[in-house]
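Per-entry structural report
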Amino acid sequence: KVCVDGFWMGKYEVTQGEWKQIMGTFLNLFNGNFNPSCCNKGDEYPVDSVSWNDCQDFIEKLNSRSNQDFRLPTEAQWEYAARSGGKKQKYAGGDDVDSVAWYSDNSDRQNQEVGTKSPNGLGIYDMSGNVAEWCSDWYTPYYYSNSPKNNPQGPGHGHNRVHRGGHSGDIARSVRTIRRESLFPCSGGSGMGMRLVIKTEE
């Protein structure tokens, strides 16, 4: 068991429209526009194909424009939110995967517009499926067997960064709230996206 302090989390995954608004100088040489996404269908689709490093660039530019302190969630924050405030839920919103998640059996393995499935108990959408979401933590397999109880931040170093939630091409077991995955921070496959948090005021 771990405890986390209060925080605000994005209701939706960061969209392609939001990405283009902030990263207007980032030209994708593959598709000739300012959108890195492979699934380039519209501004209300989640941004995809972004690495952990890309997310940090986006956050830096967003914070400089908004004078806020947006960041990626810690893994503990992500799981707390995905489980509707720490409840025992198989998927983010309950045990019926088709009602809450875009995954391989119902998405045609394509990302979908954000917020088109049912939200979880906190009113947050797509924490299971659609795009996998980067967390701030470095990854080690057994971190939570000896992590601090309060506000764990992940290991101090590592090779891979954590991502959670699975994506539209994953099978149902891979979009469960307990599923932990990781990638090199420079990797950014078509299933990789992001969601932001901000700390509550003290």
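Everything below is about the structure printed above this text.
Parameters and conventions
- Residues numbered from 1 in each chain as written.
- Predicted model: local features only at pLDDT ≥ 70, side-chain atom pairs only at ≥ 80, totals over all residues.
- Heavy atoms only, no water.
- Phe/Tyr/Trp six-rings, centres within 6.5 Å; stacked < 30°, edge-to-face > 60°.
- Helix = DSSP H or I, 4+ residues; strand = E, 2+ residues; numbered from the N terminus.
- Buried < 20%, exposed > 50% of the residue type's maximum accessible area, 1.4 Å probe, protein only.
- Lys, Arg positive; Asp, Glu negative; His and termini not counted.
- Salt bridge = Lys/Arg side-chain N within 4 Å of Asp/Glu carboxyl O.
- Contact = heavy atoms within 4.5 Å.
- Polar contact = N/O pair within 3.5 Å; in protein donor to acceptor, adjacent residues only side chain to side chain.
- Pairing = 2+ DSSP bridges.
- 1 Å grid on protein atoms, 1.4 Å probe; cavity = no way out; pocket = protein on both sides within 12 Å on 5 of 7 lines; lining within 4 Å.
- Points joined across faces, edges and corners; volume = space filled by probe spheres on them.
- Nonpolar A, V, L, I, M, F, W, Y, C, P; charged D, E, K, R; others polar.

Within the structure shown, the criterion is met by four aromatic pairs. Geometrically, the ring pair formed by Phe-7 and Tyr-80 is edge-to-face, given 6.4 Å between the ring centres and 65 degrees between the ring planes. Note that Phe-7 is positioned in strand S1 (residues 7-9) and Tyr-80 in helix H3 (residues 75-82), a separation of 73 residues in sequence. With a relative accessible area of 16%, Phe-7 lands in the buried category.

Its location among the elements puts Asp-170 in the loop between strand S3 (161-164) and strand S4 (180-183). An unpaired buried charge is present at Asp-170: no salt bridge exists, and Arg-109, the closest side chain of opposite charge, is 6.7 Å distant. When neighbours within four sequence positions are excluded, Asp-170 is seen to be in contact with Tyr-103, Ser-104 and Val-175.

On to the side chain of Gln-112. Mapped onto the fold, Gln-112 is located in the loop between helix H5 (104-107) and strand S2 (132-138). Of the polar contacts made by the side chain of Gln-112, one reaches the backbone oxygen of Gln-110; its length is 3.0 Å. Setting aside residues no more than four positions away along its own chain, Gln-112 makes contact with Tyr-45, Pro-46, Trp-102, Ser-107 and Asn-130.

So, about the pairing of S3. Residue alternation in S3 divides its side chains into two sets, Arg-161 and His-163 and Val-162 and Arg-164, and both sets are buried. As defined by bridge partners, S2 adjoins S3 across three bridges and the pair is classed as antiparallel. Of the residues in S3, the one forming a bridge with Glu-133 is Arg-164. Bridge count between S3 and S4: four bridges; the pairing is antiparallel. Bridging across to S4, His-163 finds its partner in Glu-181.

It is worth spelling out the layout of surface pockets at this point. Estimated volume of the largest pocket: approximately 390 Å³. Lining the largest pocket are 14 residues, with Lys-1, Val-2, Glu-79, Arg-83 and Tyr-144 sitting closest to its centre. If you tally residues by element for the lining of the largest pocket, the top one is H3, at four residues. For the lining of the largest pocket, a count of residues per class yields five nonpolar, one polar and eight charged. Here the second largest pocket defines a volume of roughly 250 Å³.

Worth remembering: the numbers are spatial, not functional.
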